[in-house]
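In case you want the letters, here they are:
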Amino acid sequence: MTGRTFMRALPGVAALAALIAPTLRPVSLGAAPHRTEEVRFERGALRLERAGEEVAVRYPGTTPAPAGAPDLPRLAVWVEIPAGMRVAAVRAEPVGVEELGVVRVRPAVERQVDGPEAEAAPDPAIYGGGGAYPAAWAELATEGSLRGHRVAAVVVAPARWEVATGRLVAASAVKVTLELEPGEPAGAEAVERHRVVR
């Protein structure tokens, strides 16, 4: 799933902020055009929930997958970037990758704001393909501004699943590098009432 796909699932910074606000892990890039941050995960906190022949993966403080996508956790990280810069690319390198077995990850349920969860059909674009989900260990979700500060939201995955083989792997950390370039992100919106540490 690309950053663009994620933005379609959660249109606009306001919708994204409402979903991930309780789980934000703020960091600062300073003035460097390239900066690597290591996002660490406690291996013992990652757990598999079994439902029949399928599993869902859970990790504390993460956001749920979109309905119909493999039910894997994602950690949202707000990053402050220098004024007048935007994210040109995101690179991610997993550290301490461990095999968790061959499984089938169940589709994430449809979560209602005021109502019970509902089963969702598997997303054919994902379950019908042969790649890994998510497509990368870290992806840019969106960019915006907060009280005059540029911020970007990056979604980091503690685990990935190979759809064709069923191979599930987890990382103890993910090194995330943001490559910056001058300019303003297209369609930037204001982010309200969220604290970002400089």
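Remember, it's a predicted structure, so these values are computed and weren't measured experimentally.

When you look at the overall build of the protein in this model, what are you seeing that I'm missing?
Check the secondary structure of the protein and you find three helices and 14 strands. Residue burial in the protein is summarised as follows: out of 198 residues, 43% are buried. Long-range contacts, defined here as pairs at least 24 residues apart, represent 76% of the contacts in the protein between residues at least 6 apart. Within the structure as shown, the protein displays about 9,900 Å² of accessible surface, and the carbon and sulfur contribution to it stands at 51%.

Just to check I follow, could you spell out the packing of aromatic side chains for this structure?
The relative placement of two aromatic rings is captured by the distance of their centres and the angle of their planes. With the rule as written, the count across this model stands at two aromatic pairs. An angle of 85 degrees between the planes, with centres 5.4 Å apart, marks the rings of Phe41 and Tyr59 as edge-to-face. Here Tyr59 lies in the loop between strand 4 (54-58) and strand 5 (75-81) and Phe41 lies in the loop between strand 2 (34-40) and strand 3 (47-51), a separation of 18 residues in the sequence. Residues Phe41 and Tyr59 agree in their burial class; the two are buried.

Can you help me understand the sheet that holds strand 13 (residues 173-182) in this one?
Sheets are built from strands that pair by backbone hydrogen bonding, the pairs being arranged parallel or antiparallel. Overall, antiparallel pairing links the three strands, which are arranged 2-13-6 in an open sheet. Since the sheet does not close on itself, it has two edges, and those belong to strand 2 and strand 6 (85-95), each with one partner. Geometrically, the sheet is characterised by an average inter-axis angle of 20 degrees between neighbouring strands, direction not taken into account. Here ten bridges tie strand 6 to strand 13, and the two strands are oriented antiparallel to one another. By the bridge assignment for strand 13, Val95 is matched with Ala173.

Sorry, what's going on with the pattern of salt bridges here?
Two side chains carrying opposite charge are able to pair once their charged atoms lie near each other. Under the criterion given, the structure shown has twelve salt bridges. Across the pair Arg106 and Glu49 runs a salt bridge, and its minimum N-O distance is 4.0 Å. Here Arg106, found in the loop between strand 7 (98-102) and helix 3 (124-127), pairs with Glu49, found in strand 3; they are 57 residues apart in sequence, far enough to count as distant. For Glu49, a relative accessible area of 26% corresponds to the partly exposed category. Members of the salt-bridge network, linked through shared partners, are Arg47, Glu49, Arg58, Asp71 and Arg106.

How do you make sense of the pairing of strand 13 when you look at a structure like this?
Where a strand is regular, its side chains alternate between the two sheet faces. Across seven bridges, the pairing between strand 2 and strand 13 is antiparallel. Across the sheet, Arg40 pairs through a bridge with Ala173, a residue of strand 13.

Is there a simple way to explain the nonpolar core in this structure?
Within soluble globular proteins, side chains that are nonpolar tend to cluster in buried spots. Val156, Trp161 and Val176 are the most contacted members of the largest nonpolar core, which totals 37 residues. With near-sequence residues (within four places) excluded, Trp161 lies in contact with Pro70, Leu72, Val103, Arg104, Val105, Tyr127, Gly131, Ala132, Tyr133, Gly166, Arg167 and Leu168. Formed by five residues, the second largest nonpolar core is a distinct cluster that contains Ala141, Val151, Ala153 and Val155.

The rules we used
Residues numbered from 1 in each chain as written. Predicted model: local features only at pLDDT ≥ 70, side-chain atom pairs only at ≥ 80, totals over all residues. Heavy atoms only, no water. Helix = DSSP H or I, 4+ residues; strand = E, 2+ residues; numbered from the N terminus. Buried < 20%, exposed > 50% of the residue type's maximum accessible area, 1.4 Å probe, protein only. Contact = heavy atoms within 4.5 Å. Areas by Shrake-Rupley, 256 points an atom, 1.4 Å probe, with all protein chains shown as cover. Phe/Tyr/Trp six-rings, centres within 6.5 Å; stacked < 30°, edge-to-face > 60°. Pairing = 2+ DSSP bridges. Axes fitted to C-alpha atoms, helices over the stretch in contact; angles between N-to-C directions. Salt bridge = Lys/Arg side-chain N within 4 Å of Asp/Glu carboxyl O. Core = buried A, V, L, I, M, F, W, Y, C linked by side-chain atoms within 4.5 Å.

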